[in-house]
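Summary of structural features
Chain by chain, the residues run as shown.
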Amino acid sequence: MSTNSPFRLLHVGLGNRGRMWSEVMDKRSDVVPSGYVDVSPERLALFEESHLGVPIFTELSMALAETQSDAVLLVTPPDGHLDQARLVFGAGLPLLSEKPLTLDMAEGVEIVRMAADANLPLMVGLNFRYLPVSRKIKEMVSQETVGAPGFGLFAYLRNRDGMQPWLNKYPLTMQHPMMLEQSIHHLDLIRYCYGREVEKVSCRTWNPSWSMYRHDANVSCLLTLEGGLEVNYIGTWTGGWNQMQFQWRTDCADGVIVQRQLFEDLAYARTKDEALTDIALPDFKAFYDDTDALLTSFISHVRTGSELECSGLDHLRTLGLCFAAIESSETGKAVIMDEFYARHDIGS
Ligand SMILES: NC(=O)c1ccc[n+]([C@@H]2O[C@H](COP(=O)([O-])OP(=O)(O)OC[C@H]3O[C@@H](n4cnc5c(N)ncnc54)[C@H](O)[C@@H]3O)[C@@H](O)[C@H]2O)c1
């Protein structure tokens, strides 16, 4: 594969998130769709109209056989990822899969093992790691800009109307929609930005009486991270107010770092400061520019062997944290992550 020719990505899944991915790819001259795959002929027809000449398929196996691709992008609901990943690795192609990798721990471990056995890259779409605000928090924590971090509060309070036509519908009926579709990003950011692993999790998940979701739309966790960093996490898709409220505050020995809005708005204060000081961040379009950066990183790995970021193996630690939290909620006991990872054969 010449590094001058466009990277050929077989795009599987053309729903809500698939449309965003397509917009990201359309803006680039170094990436082309080698084909579109979706089980829905209506969705394929929409893409066919706007992308003349790109072949369309209702079956992944057919698309793998009939296109020349450098990698596969999987933007399908997670319950199909295991079978799809098996086909992709069977065809000898690298895989960039949307999160969550699976809805089952053993299936996630199996996909990562398949990638390792085939010696093929597997990246998972943790795009929010690429937001400038996430990068800046990571930098400030690692450089101890306001001292060593001691504890954090992460609150994501949203009333998400899952009936909106542009939103995916399977979260309305799946088990643990909040944890596996949304909190997974937040728990991943906590691991990523703090640059340390979770040692212990206590959790409660539940579903408020007015929830439109069939299963738990609320998650509350107490996380103990390496070095004694304690984090309180609360997330809901079923808040009592349509206005989104978000705060991620990290208390450190000499001050605080506060993200005041989802995806942006970072500030800090030293202990005796009377007010927070804003931190300038570059303009950024969330869901797009972060996805673009993730894609750049993936292509770079496939083409040049640069570091594989958001690897499947790394994702198992975040996915594992989600399932450990669910286990904690079910048993009423804290879960020690090393024990959980060992029980599920998850290495580092
Ligand atoms: N990283 C992010 O910021 C982000 C944001 C939204 C969604 N997502 C993730 O993206 C994935 C897809 O979510 P969505 O919102 O696009 O869902 P969606 O339901 O809107 O779209 C899924 C698409 O996959 C198609 N599909 C289903 N089974 C298929 C199969 N076997 N083969 C081919 N196509 C198939 C469906 O017809 C549909 O068009 C999920 O894993 C979700 O968690 C990630």
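Residues numbered from 1 in each chain as written. Predicted model: local features only at pLDDT ≥ 70, side-chain atom pairs only at ≥ 80, totals over all residues.

1. Observations concerning the overall build of the chain
As a reminder of what qualifies: The way it works is that DSSP assigns letters per residue, a run of H or I at least four long becomes a helix, a run of E at least two long becomes a strand, and they are numbered from the N terminus. Only C-alpha atoms enter the radius of gyration; for comparison, a globular chain is expected to reach 2.2 Å times N to the power 0.38, where N is the number of residues. Partly exposed residues are those whose C-beta has more than 12 but fewer than 20 other C-beta atoms within 10 Å; 20 or more makes a residue buried and 12 or fewer makes it exposed, with C-beta atoms placed from the backbone. Two residues qualify as being in contact provided that their C-beta atoms, derived from the backbone, are within 7 Å of each other.
A tally of helices and strands in the chain yields 10 helices and 15 strands. At 20 Å, the chain has a C-alpha radius of gyration in line with the 20 Å of a compact globule built from 348 residues. In terms of principal-axis extent, the alpha carbons of the chain reach across some 65 × 40 × 40 Å. Expressed as a percentage of its 348 residues, the buried residues of the chain come to 43%. Residue pairs at least 24 apart in sequence account for 68% of intrachain contacts in the chain once pairs closer than 6 positions are excluded.

2. As for the packing of helix α7 (residues 177-194) against helix α9 (residues 312-331)
Let me state the cut-off plainly: Fitting a line to C-alpha atoms yields each axis, with helices limited to the stretch in contact; the angle taken between N-to-C directions then spans 0 to 180 degrees. In this scheme, roughly parallel covers angles under 35 degrees and roughly antiparallel covers those over 145, while 65 to 115 is roughly perpendicular and the rest are oblique. The handedness criterion is simple: a crossing whose near helix is rotated anticlockwise from the far helix by less than a right angle is left-handed, and one whose near helix is rotated clockwise is right-handed.
In contact at an axis separation of 9 Å, α7 and α9 are set at 120 degrees when each is read in the N-to-C sense. It follows from the interaxial angle that α7 and α9 lie oblique. Crossing geometry of α7 relative to α9 is assigned as right-handed. Of the residues in α9, those touching α7 at M179, L180, S183, I184, L187, D188 and R191 are R317, T318, L319, L321, C322, A325 and I326.

3. Looking at the sheet that holds strand β7 (residues 149-157)
Note the following rule: DSSP-based pairing: two strands are paired if at least 2 bridges between them are found.
Here 9 strands make up an open sheet; going across it, the order is β14-β13-β12-β11-β7-β10-β9-β8-β15 and the pairing mixed. The open sheet terminates on both sides in strands that have one partner only, identified here as β14 (277-279) and β15 (335-336).

4. A look at the sheet that holds strand β4 (residues 71-74)
The strand order β3-β2-β1-β4-β5-β6 describes an open sheet built from 6 strands, whose pairing is parallel. Only two strands of the sheet have a single partner each, and these edge strands are β3 (56-57) and β6 (122-124). Pairing of β4 with strand β5 (residues 95-97), which is carried by 3 bridges, proceeds in the parallel orientation. What sits directly across from L74, in β5, is S97.

5. Focus on the pairing of strand β2 (residues 31-37)
Condition: With the strands pointing away from the viewer, any crossover whose connection runs clockwise from the first strand over the helix to the second is right-handed.
In terms of burial, β2 is largely enclosed, as 6 of its 7 residues are buried. Here strand β1 (residues 7-12) runs beside β2; their pairing, made up of 6 bridges, is parallel. Within β2, the residue paired with L9 across the bridge is P33. Handedness of the crossover is the feature at issue here: the chain leaves β1, passes through helix α1 (residues 16-26), returns alongside β2, and the resulting connection is right-handed. Handedness of the β2-helix α2 (residues 41-50)-β3 crossover: right-handed.

6. Points about the nonpolar core
Short version of the rule: Note on terminology: a nonpolar core is any set of buried Ala, Val, Leu, Ile, Met, Phe, Trp, Tyr and Cys residues joined through C-beta atoms within 7 Å. Domain extents, as shown, originate in an automatic or database domain assignment.
Counting 92 residues, the largest nonpolar core has L73, L95, V201, C322 and A325 as its most contacted members. Ranked by the residues each element gives to this core, the list is headed by α7, at 10 residues. When residues are assigned to domains, this core turns out to be shared by domain 1 (7-120) and domain 2 (128-284 + 319-340), each giving three or more. Residues within four places of A325 in sequence aside, it is in contact with M179, V201, C203 and C221.

7. Let's talk about the site of the ligand
Here is the rule: For each residue, a C-beta atom is placed from the backbone, and the residue is labelled near a molecule or strand when this atom is within 6 Å of it. Gly counts as polar in this scheme, as do all residues outside two lists: the nonpolar Ala, Val, Leu, Ile, Met, Phe, Trp, Tyr, Cys and Pro, and the charged Asp, Glu, Lys and Arg.
With respect to spatial proximity, 26 residues lie near the ligand, and among them G15, N16, R17, E98 and N168 are the closest. Of the residues that constitute the shell around the ligand, the class distribution is 10 nonpolar, 10 polar and 6 charged.

8. Some details on the domain arrangement of the chain
When the domains of the chain are assigned, the result is domain 1 (7-120) and domain 2 (128-284 + 319-340). Put simply, the middle of domain 1 and the middle of domain 2, counted by C-alpha atoms, are 28 Å apart. Listed by partner, the interface residues are 9 residues for domain 1 and 9 residues for domain 2. The residue inventory of the side of domain 1 that touches domain 2, partitioned by class, reads 5 nonpolar, 3 polar and 1 charged.

9. Quick notes on α1
Formally: Each C-beta atom gives one direction from the helix axis, and the arc is the one those directions make.
R17, G18, W21, V24 and M25 are the residues of α1 that are buried. Axial view of α1: buried residues confined to an arc of 115 degrees, hence all on one face. At its buried positions, α1 is contacted by β1, β2, β4 and α8 (289-304).

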